[in-house]
Amino acid sequence: MAEGGYVTLCGELRCTLDAEPLVLRLAYDFSNAGSDPAFGEISILSPWLTGRTAKGLPAPAFEQELIRQLAVQLALDKAPNTAAPVLEAIGDWAAAELAGAPMPGGEALPLALQNGGLLPLDVVWRQANSQPHVANPLVKAQLHTMLTFAQATLVDDAVGRLLEAGAGPLSVVVQRAFRIDDTTFSADWLRWLSADFGSFSQ
């Protein structure tokens, strides 16, 4: 999974050819599993602690965390100034796409979609880029679906293009990344989200 995930993510995140190798550190007790590893380092609990399948393979939790940290490190290498909540969203998106992890804040999304309580995407983007941490589950869920939508419908390296577009309001970033205006982006996202509602309400 890790090698295949690396190849897939490198394409989706538009990795540079001169990227430095990543260091993988396996922790064998819970206190040594760093939740904030150093740049270029993945620090994760050993499968002996996270559990293994009946066939002796790492349990899904191990693969999900490995993919999550791998995506964050590749994104950091690509765009070192990316805001922490955006990096977190990229990690969660990758873990969901490649390792079946649940969407963060997923419980808030169906209700907001049904009741018209979704936040404007420019507000979601601004919060993710202006705060050290995002606690609002709806912001997390909408940011996750923004990445999934762009990757699924616009271009297969959409997340990498967003990273390359750099900081700025959503209107500026989507114009740089995809040559579309944010009104079109938001409207298309909402149509896509409404059509795929079932997959986000599990």
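Preceding block: the structure.
Here we summarise the structure given alongside this text. For clarity, every value in this text was computed on a predicted model and none was experimentally measured. (Residues numbered from 1 in each chain as written. Predicted model: local features only at pLDDT ≥ 70, side-chain atom pairs only at ≥ 80, totals over all residues. Heavy atoms only, no water.)

**Examining the nonpolar core**
Most often, soluble globular proteins have nonpolar side chains that are buried together.
Right, on to step 1. Counting residues in hydrophobic clusters, the biggest one holds 54 residues, and the most contacted among them are Ile90 and Met146.
Right, on to step 2. For methionine 146, the contacting residues outside a window of four places in its chain are Leu121, Val124, Trp125, Leu170, Phe185 and Trp189. (Core = buried A, V, L, I, M, F, W, Y, C linked by side-chain atoms within 4.5 Å. Buried < 20%, exposed > 50% of the residue type's maximum accessible area, 1.4 Å probe, protein only. Contact = heavy atoms within 4.5 Å.)

**Some words on the pattern of salt bridges**
Right, on to step 1. According to the stated counting rule, one finds eight salt bridges in the structure shown.
Right, on to step 2. In this structure, the salt-bridge partner of aspartate 157 is arginine 14, at a minimum N-O distance of 2.5 Å. In this pair, aspartate 157 is assigned in the loop between helix 7 (137-153) and helix 8 (158-165) and arginine 14 in the loop between helix 1 (2-12) and strand 1 (23-27), connecting sequence segments 143 residues apart.
Right, on to step 3. For arginine 68, the salt bridge identified is with aspartate 92, shortest N-O distance 2.8 Å. Of this pair, arginine 68 sits in helix 3 (residues 60-78) while aspartate 92 sits in helix 4 (residues 84-99), and the two are 24 residues apart along the sequence.
Right, on to step 4. For arginine 68, a relative accessible area of 22% gives the class partly exposed.
Right, on to step 5. Each of Arg14, Lys78, Asp157, Arg161 and Glu164 takes part in a single network of salt bridges with overlapping partners. (Salt bridge = Lys/Arg side-chain N within 4 Å of Asp/Glu carboxyl O. Helix = DSSP H or I, 4+ residues; strand = E, 2+ residues; numbered from the N terminus.)

**Quick look at the side chain of glutamine 151**
Right, on to step 1. With respect to the secondary-structure elements, glutamine 151 resides in helix 7.
Right, on to step 2. The exposure class assigned to glutamine 151 is buried, which follows from its relative accessible area of 10%.
Right, on to step 3. A polar contact of 3.3 Å, which involves the side chain of glutamine 151, links it to the backbone nitrogen of alanine 158.
Right, on to step 4. Within the structure, the side chain of glutamine 151 is placed 3.2 Å from the backbone nitrogen of valine 159, a separation counted as a polar contact. (Polar contact = N/O pair within 3.5 Å; in protein donor to acceptor, adjacent residues only side chain to side chain.)

**Concerning the environment of valine 173**
Right, on to step 1. Position of valine 173 among the secondary structure elements: in helix 9 (residues 170-178).
Right, on to step 2. The exposure class of valine 173 is buried, given its relative accessible area of 0%.
Right, on to step 3. In sequence terms valine 173 and leucine 163 are ten residues apart; their C-alpha atoms lie 9.0 Å from each other.
Right, on to step 4. For valine 173, the contacting residues outside a window of four places in its chain are Trp125, Leu162, Ala165, Gly166, Ala167 and Gly168.

**Focus: the packing of aromatic side chains**
Describing an aromatic ring pair means giving the distance of the ring centres and the angle of the ring planes.
Right, on to step 1. Considering all chains together, one arrives at three aromatic pairs under this definition.
Right, on to step 2. Ring plane angle 75 degrees and centroid distance 5.3 Å describe the contact between phenylalanine 149 and phenylalanine 185, whose orientation is recorded as edge-to-face. Highlighted residues: phenylalanine 149 in helix 7 and phenylalanine 185 in helix 10 (residues 182-195), separated in sequence by 36 residues.
Right, on to step 3. In this structure phenylalanine 185 comes out as buried when scored by relative accessible area, which is 1%.
Right, on to step 4. Between the aromatic rings of phenylalanine 178 and phenylalanine 185, the centroid separation amounts to 6.3 Å while the plane-to-plane angle is 0 degrees, which identifies the pairing as stacked. Taken individually, phenylalanine 178 and phenylalanine 185 each receive the classification buried, so the pair is uniform in this respect.
Right, on to step 5. An aromatic cluster is built from Phe149, Phe178, Phe185 and Trp192, whose rings are joined through pairwise contacts. (Phe/Tyr/Trp six-rings, centres within 6.5 Å; stacked < 30°, edge-to-face > 60°.)

**Here's the deal with the environment of alanine 152**
Right, on to step 1. The topology assignment puts alanine 152 in helix 7.
Right, on to step 2. Assessed through its relative accessible area of 56%, alanine 152 is described here as exposed.
Right, on to step 3. A C-alpha to C-alpha distance of 9.8 Å links alanine 152 and tryptophan 192, two positions 40 residues apart in sequence.

**Observations regarding empty space enclosed by the protein**
If you roll a probe as big as a water molecule over the atoms, it shows you where there is empty space left.
Right, on to step 1. Evaluated as defined, the whole model comprises one cavity of 30 Å³ or more.
Right, on to step 2. Counted as a void, the largest cavity has a volume near 80 Å³.
Right, on to step 3. Together, Pro85, Glu88, Ala89, Asp92, Pro104, Ala128, Val134, Val139, Lys140 and Leu143 line the largest cavity.
Right, on to step 4. Going through the elements one at a time, helix 4 and helix 7 are the ones with two or more residues in the lining of the largest cavity.
Right, on to step 5. For the lining of the largest cavity, the per-class residue count stands at seven nonpolar, no polar and three charged. (1 Å grid on protein atoms, 1.4 Å probe; cavity = no way out; pocket = protein on both sides within 12 Å on 5 of 7 lines; lining within 4 Å. Points joined across faces, edges and corners; volume = space filled by probe spheres on them. Nonpolar A, V, L, I, M, F, W, Y, C, P; charged D, E, K, R; others polar.)

**Observations regarding the environment of aspartate 92**
Right, on to step 1. For aspartate 92, a relative accessible area of 11% corresponds to the buried category.
Right, on to step 2. Note: C-alpha distance between aspartate 92 and methionine 103 (eleven residues apart in sequence) is 7.1 Å.
Right, on to step 3. The contact partners of aspartate 92, leaving out residues within four places of it in the chain, are Arg68, Pro104 and His144.

It is worth stressing that arrangement in space is one thing and function is another; only the former is reported here.
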